[in-house]
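# Geometric and topological summary
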Amino acid sequence: MKTPWSLRALTVALGGALLAGAAWAQQVTLRVHHFLPAQANVPRLAIEPWAKKIEAESGGRIKVQIFPAMQMGGTPAQLFDQARDGVADVTWTVLGYTPGRFPKMEVFELPFITPNNERAGEITSRAAWEFAQRFAADEFKDVKLIAVHTHGPGLFHTKQPVTGLESVRGMKIRGGTRIVNNMLTKLGATPVGMPVPQVTEALSKGVIDGTTIPWEVGPSLRVHEIVKNHTTFAGDKALYNMAFAFSMNKAKYESLPPDLKKVIDDNAGAETSAFFGKAMDQGDKSGREIAAKAGNKITQLELAETQRWLRTAGSVEDDWVKEVRSKGIDGAQLASEARALLAKYAK
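Below is a short write-up of the structure.

Rules used throughout
- Residues numbered from 1 in each chain as written.
- Predicted model: local features only at pLDDT ≥ 70, side-chain atom pairs only at ≥ 80, totals over all residues.
- Heavy atoms only, no water.
- Helix = DSSP H or I, 4+ residues; strand = E, 2+ residues; numbered from the N terminus.
- Buried < 20%, exposed > 50% of the residue type's maximum accessible area, 1.4 Å probe, protein only.
- Polar contact = N/O pair within 3.5 Å; in protein donor to acceptor, adjacent residues only side chain to side chain.
- Core = buried A, V, L, I, M, F, W, Y, C linked by side-chain atoms within 4.5 Å.
- Contact = heavy atoms within 4.5 Å.
- Phe/Tyr/Trp six-rings, centres within 6.5 Å; stacked < 30°, edge-to-face > 60°.
- Lys NZ or Arg CZ within 6 Å of the ring centre and 35° of its normal.
- Pairing = 2+ DSSP bridges.
- Axes fitted to C-alpha atoms, helices over the stretch in contact; angles between N-to-C directions.
- Expected span 1.5 Å × (residues − 1).
- Parallel < 35°, antiparallel > 145°, perpendicular 65-115°, else oblique.
- Left-handed = near helix turned anticlockwise from the far one by under 90°.
- Nonpolar A, V, L, I, M, F, W, Y, C, P; charged D, E, K, R; others polar.

Relative to the helices and strands, Asp81 is located in helix 3 (residues 79–85). Residue classification places Asp81 among the partly exposed positions, given a relative accessible area of 22%. In this structure, the C-alpha to C-alpha distance between Asp81 and Ser247, residues 166 residues apart in sequence, is 9.7 Å. Of the polar contacts made by the side chain of Asp81, one reaches the side chain of Arg101; its length is 2.5 Å.

And the structure:
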């Protein structure tokens, strides 16, 4: 017996509605949370392009909402746990903002270990990703790691000029992590630990005399307007560096259908880490240009003077090796592995 037309039409309509419902069920929104203003380099040159890319590659089934400048609440130090706990779906933060939480990844913060050139962010980020996969996977077991990367060479931005080791002694200098703060102590400065969003106010109010940051983040913090001196270093090794993680909530990732998981996987890993590093390299170039156009004084310490800083700060690595040994970690071996990876990707 033939099915009446009205019944066939109803069946088709119901089937279409079910299919539409299934398609709608596969759509997902990712809330991305980070600590910098939206106009800063990493949000503008890395996070936003990443978001647009996964939206496009998912055919619009993944939507990304970005919340800059801690708009979802909390502090920068809480961002990694916000991804772990699902407060946000994806977060970007500095690993060193939670002191001692990522002892293996701290190797990339050690003084004079990372490159001092215009590709430093990309090179070190590639090395950091491979290092994380091979030697520090346990530190990221609670999240789906999308990228781990670093900035370019760190430097001094100060109200009074830093022309040599003696001139930094007694200065109150902001440091972003405990390793950097230990380095500042060895150099004779008075370290003041704080996340980077607090730097502008601290400089303006005289809480600090200067800050250690890479060139790229300076313009978004208006550092070049508050201080007029910037000190860089000679040689092929940077004064210091810091590592960042771009992390996704595991449950959110596991809830995705296979094709959307693939979109995330295709936009995670070594190349994504390098992409973030390149964004910071690009920002370094523009940040330095902005400071120069402002008429600020940019001083590069000569190689012999840089070597004095290296020798003075050298015991920071010894301190770290001794400390992580108490946690069952062979820091000397990790430092050797990190240097080998940095050399590999510098070629």
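When a protein is soluble and globular, its nonpolar side chains tend to lie buried together. Counting 97 residues, the largest nonpolar core has Phe35, Met105, Phe140, Phe246 and Trp309 as the members making the most contacts within it. Per element, the largest residue contribution to this core is 7 residues, and it comes from helix 2 (residues 41–57). Contacts of Trp309, omitting those with residues within four sequence positions, involve Phe112, Phe156, Val162, Gly164, Leu165, Val168, Leu187, Phe233, Leu239 and Leu301.

So, about the packing of aromatic side chains. Two descriptors summarise a pair of aromatic rings, namely the distance from one centre to the other and the angle between the planes of the rings. As enumerated under the stated definition, the model contains 15 aromatic pairs in all. Summarising the aromatic geometry, the rings of Phe275 and Phe276 are spaced 6.3 Å apart at their centres and angled 80° between planes, so their arrangement reads as edge-to-face. What links up through ring pairs into an aromatic cluster is the set Phe35, Trp92, Tyr97 and Phe244. In this arrangement the basic side chain of Lys144 is found over the ring face of Tyr253, its NZ or CZ atom lying 4.5 Å from the centre. Over the ring of Tyr253 we find Lys261; its NZ or CZ atom is 5.6 Å from the centre of that ring.

A few words on the sheet that holds strand 6 (residues 172–175). The 6 strands are arranged 7-6-8-5-9-11 in an open sheet whose pairing can be described as mixed. Strands with a single pairing partner mark the edges of an open sheet, and in this sheet they are strand 7 (190–193) and strand 11 (297–301). Put simply, the sheet's adjacent strands are angled 25° from each other on average, direction ignored. Here 4 bridges tie strand 6 to strand 7, and the two strands are oriented parallel to one another. Its bridge partner lying in strand 7, Lys172 is registered against Thr190. Against the sheet, helix 13 (residues 303–313) makes contact with strand 5 (155–158), strand 9 (229–233) and strand 11, and its axis sits at roughly 75° relative to strand 11, the strand it touches most.

So, on to the side chain of Thr150. Take Thr150: it is sitting in strand 4 (residues 143–150). Residues in contact with Thr150, not counting those within four places in the same chain, are Ala120, Gly121, Thr124, Ser125, Ala128, Asn241, Met242, Ala243, Phe244, Gly277 and Met280.

On to helix 4 (residues 120–135), then. Here helix 4 spans 21 Å end to end across 16 residues, near enough to the 22 Å set by a 1.5 Å rise per residue. With respect to burial, helix 4 is a largely interior element, 13 of its 16 residues being buried.

For the rest of this paragraph, the subject is the sheet that holds strand 10 (residues 243–249). Taking strand neighbours across the sheet as the criterion, the 5 strands line up as 2-1-3-10-4 in an open arrangement whose pairing is mixed. Two strands lie at the open edges of the sheet, namely strand 2 (62–67) and strand 4, each paired on one side alone. Between one strand axis and the next, the sheet turns through 20° on average, direction left out of account. In the sheet, strand 4 pairs with strand 10 via 7 bridges, with the strands oriented antiparallel. Pairing of His149 across the sheet is with Phe244, part of strand 10. Contacting strand 1 (28–33), strand 2, strand 4 and strand 10, helix 11 (residues 258–266) runs over the sheet at an angle of about 45° to strand 2.

With their axes 8 Å apart at the nearest point, helix 2 and helix 12 (residues 270–293) run at an angle of 150° to one another. If you check the angle between helix 2 and helix 12, you find them roughly antiparallel. Seen along the crossing, helix 2 lies across helix 12 with a hand that is right-handed. When helix 2 is examined against helix 12, the residues Asn41, Val42, Leu45, Ala46, Ile47, Pro49 and Trp50 are found in contact with a partner set consisting of Thr272, Phe275, Phe276, Ala279, Met280, Gln282, Gly283 and Ser286. Class assignment for the residues of the contact of helix 2 with helix 12 results in 10 nonpolar, 5 polar and no charged.

By themselves these figures say nothing about function.
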